[in-house]
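Coordinate inspection notes
If you want the building blocks of each chain, they are given just below.
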Amino acid sequence: MSERVDYLGKGVGLVDDKGRVAIPNTLRAALAQNAPRPDGKDGGTVLVGVHPDFPCLIAHDRGYLDFAKSQLIQRQAEANAAIGSAAYYAPRMRGASVEPVPFDGSGRFILPAAERELAGISDIAFFLGDYESFMIWDPRALVAHDGVDEMVKRHAMIMCRDKGITL
């Protein structure tokens, strides 16, 4: 298996009435390299869940799971989280609630309905790489959120404008 690559880049996609949208090329290429299909064909699986800190979704490849699990175990050990406690189970339930979603060779996949609703994504998705994963935002929510860097907001507005989308 090749070395992992970072999820870098951004893009805008239109979400159709069934929740289908395409992962932008740069992010899709990283996803394919980090978690190639065993049969060598294009496409694969992306893990999609609700971001723990932002009103958006977060997506990972399957290869990231081992790292995330080891980090969780380490944090819980450092915090002395007792098995059976909310401090032990709450982050595990959140982390394990991701949905494995297939994507085709062109990067098209269906955003899970519950996750899409929780993130407030309707007709437009803004994808943003963050090294080990990528976020999927409704660009209107991204632009309105106080915790998002101003340059990222400007990129989202420009990319939407260039696709004829008014925010």
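Since the structure is predicted, the reported quantities are computational estimates derived from the model, not experimental observations.

So, on to the sheet that holds strand β1 (residues 10-14). Strand order in the open sheet made by the six strands is β1-β7-β8-β4-β3-β5, with antiparallel pairing throughout. The two strands at the open ends of the sheet, each matched to only one other strand, are β1 and β5 (99-103). Mean inter-strand twist for the sheet, computed between neighbouring axes without regard to direction, equals 30 degrees. As paired strands, β1 and strand β7 (residues 124-129) are joined by five bridges and run antiparallel to one another. From the neighbouring strand, Gly13 faces β7, where its bridge partner is Ala125. Across the face of the sheet, helix α1 (residues 25-34) comes into contact with β1, β3 (44-50), β4 (57-60), β5, β7 and β8 (134-137) while running at roughly 55 degrees to β7.

Within the largest apolar cluster, 21 residues are counted, with the highest numbers of intra-cluster contacts made by Ile23, Val46, Phe109, Leu111, Phe127, Phe134 and Ile136. Among the secondary structure elements, those contributing two or more residues to this core are α1, β3, β4, β5, β7 and β8. By residue number, the principal contributor to this core is α1, which donates three residues. Of all hydrophobic cores here, the second largest spans 13 residues; its members include Val12, Trp137, Ala156 and Ile165.

Residues of α1 that are buried: Leu27, Arg28, Ala30, Leu31 and Asn34. Take α1 and look down its axis: the buried residues cluster within an arc of 160 degrees, on one side only. Residues of α1 that are buried make contact with β3, β4, β5, β7 and β8.

For the rest of this paragraph, the subject is the side chain of Asp130. If you trace the backbone, Asp130 turns up in the loop between β7 and β8. The side chain of Asp130 is buried and forms no salt bridge, while Arg4, the nearest opposite charge, is found at 9.4 Å. A polar atom in the side chain of Asp130 sits 2.5 Å from the side chain of Ser133. Those residues in contact with Asp130 that lie beyond four places of it in its chain are Tyr7, Ile58 and Met135.

Thresholds applied
Residues numbered from 1 in each chain as written. Predicted model: local features only at pLDDT ≥ 70, side-chain atom pairs only at ≥ 80, totals over all residues. Heavy atoms only, no water. Pairing = 2+ DSSP bridges. Helix = DSSP H or I, 4+ residues; strand = E, 2+ residues; numbered from the N terminus. Axes fitted to C-alpha atoms, helices over the stretch in contact; angles between N-to-C directions. Contact = heavy atoms within 4.5 Å. Core = buried A, V, L, I, M, F, W, Y, C linked by side-chain atoms within 4.5 Å. Buried < 20%, exposed > 50% of the residue type's maximum accessible area, 1.4 Å probe, protein only. Arc of directions from axis to C-beta. Lys, Arg positive; Asp, Glu negative; His and termini not counted. Salt bridge = Lys/Arg side-chain N within 4 Å of Asp/Glu carboxyl O. Polar contact = N/O pair within 3.5 Å; in protein donor to acceptor, adjacent residues only side chain to side chain.

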